[in-house]
Amino acid sequence: MNSFTKIPLHVSFLRSINNTFAINECIFKKYLIFYPLRAISTNSTDSDKNAKSIRPLRPRVEGLDVSRFPDLSKLDPILDIPGPIIDPPFPITRPSVVITAPETESDDTDTLSAVTGLSPSEIRDLQKKALIIKRVVKQTGKGRIPSMYALVVVGNGKGVAGFGEGKHDEVPTAIKKATNKAIKSLRYFERYDDRTLYHDIEHKFHGTTIKLWVRPPGFGIRCNHYIHEVAKCVGIQDLSAKVFGSCNGMNVIKCTFEALNGQKLPSEIAKSRGKNLVDVYHTYYGTK
């Protein structure tokens, strides 16, 4: 037989594990013995602490001559102001005069008054409603240019209304531009009995189709919220409507204005049918 005997694998594995445990145990015992001695040797004594506190501090800047410093107890004729120092009181309230931007509302009102023929008071009393405010992006050769878009509806509640669109980098300026365009585009819309439409209307604008129905007194405005705001600005009190197709706000508002503008008046129907205006008025209108 050979002098070298083969040891099974599981036996050699167990022996290696036992050796590892023995080495770890020796290291742990050595740590328990020498660590307290090291901690005792590294602790500083009270005498060392006292010596550190007694040691004089090293000056930060060397070679300073105190005689060269100025005497701060005396007043300097140039830097110091003679006499008592008066501290003005801090204003508690805001100043009465407010500085505004060059483009003020009054300037716009005067300009719009000259363009539209309305008085400044009538322009200030108009109902101004920003119905749509959103962020838009324009794709150009230099890249994407973002801006803010606003659509404003303006009206006096007595048959005069208009809408305008504006774009700018800031929202207030975009709303201001849209409001000015809306005031410049004001027009009068006919109303039956100053409260509702003359007849039912169906109108289509791009992908949006709306139907407007005449309603009796006291019915109210029951329709899409965009049409509701437009009707309030125009001064319509009794109306019902339905939106078909696209419910995009811009399309709905523009479609509503075109529908109101396309009403057939009693005089037009009487002329086309060859009848008196009174007969047409009572036959075709006021029956609902």
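Residues numbered from 1 in each chain as written. Predicted model: local features only at pLDDT ≥ 70, side-chain atom pairs only at ≥ 80, totals over all residues. Heavy atoms only, no water.

The protein carries the name Small ribosomal subunit protein uS5m in an unreviewed UniProt entry, which gives Glomus cerebriforme as its organism. We quote the UniProt Subcellular location (unreviewed entry) comment for the protein here in full: "Mitochondrion". (UniProt positions renumbered as here; feature names shortened; annotations may be inferred.)

Peer 1: Help me understand the sheet that holds strand 1 (residues 127–140), please; the structure alone is not making it clear to me.
Peer 2: Across a sheet, strands are paired by hydrogen bonds formed along the backbone, either parallel or antiparallel in direction. As summarised here, the arrangement of the four strands in space is 1-2-3-4, forming an open sheet in which the pairing is antiparallel. Edge positions in the sheet fall to strand 1 and strand 4 (187–188), since each has one partner strand and no second. As paired elements, strand 1 and strand 2 (residues 143–155) share 13 bridges and run antiparallel to each other. What sits directly across from Q139, in strand 2, is R144. Strands in contact with helix 7 (residues 249–261) are strand 1, strand 2, strand 3 (160–168) and strand 4; relative to strand 3, the strand with the most contacts, it is inclined by about 150 degrees. (Pairing = 2+ DSSP bridges. Helix = DSSP H or I, 4+ residues; strand = E, 2+ residues; numbered from the N terminus. Contact = heavy atoms within 4.5 Å. Axes fitted to C-alpha atoms, helices over the stretch in contact; angles between N-to-C directions.)

Peer 1: Can you help me understand the environment of I175 in this one?
Peer 2: Examined against the element boundaries, I175 turns out to sit in helix 5 (residues 171–184). On a C-alpha basis, the gap between I175 and I132 in space is 9.6 Å, while along the polypeptide they are 43 residues apart. Contacts of I175, omitting those with residues within four sequence positions, involve A130, I133, A150 and V152.

Peer 1: Sorry, what's going on with the nonpolar core here?
Peer 2: Note that soluble globular proteins tend to have their nonpolar side chains buried in a common cluster. Membership of the largest hydrophobic core comes to 31 residues, with the highest contact counts inside it found for I132, V153, L197, L212, I227, I253 and L260. Sorting elements by how many residues they give to this core places helix 7 first, with seven residues. Of the residues that make up this core, three or more belong to each of domain 1 (105–188) and domain 2 (201–285). Setting aside anything within four residues of it in sequence, one finds V153 in contact with Q127, K128, K129, L131, G162, F163, V230, C233, I253 and F257. Judged by nonpolar contacts, the second largest core, of 11 residues, contains A150, V152, V154 and A182. (Core = buried A, V, L, I, M, F, W, Y, C linked by side-chain atoms within 4.5 Å. Buried < 20%, exposed > 50% of the residue type's maximum accessible area, 1.4 Å probe, protein only. Domains from an automatic or database assignment.)

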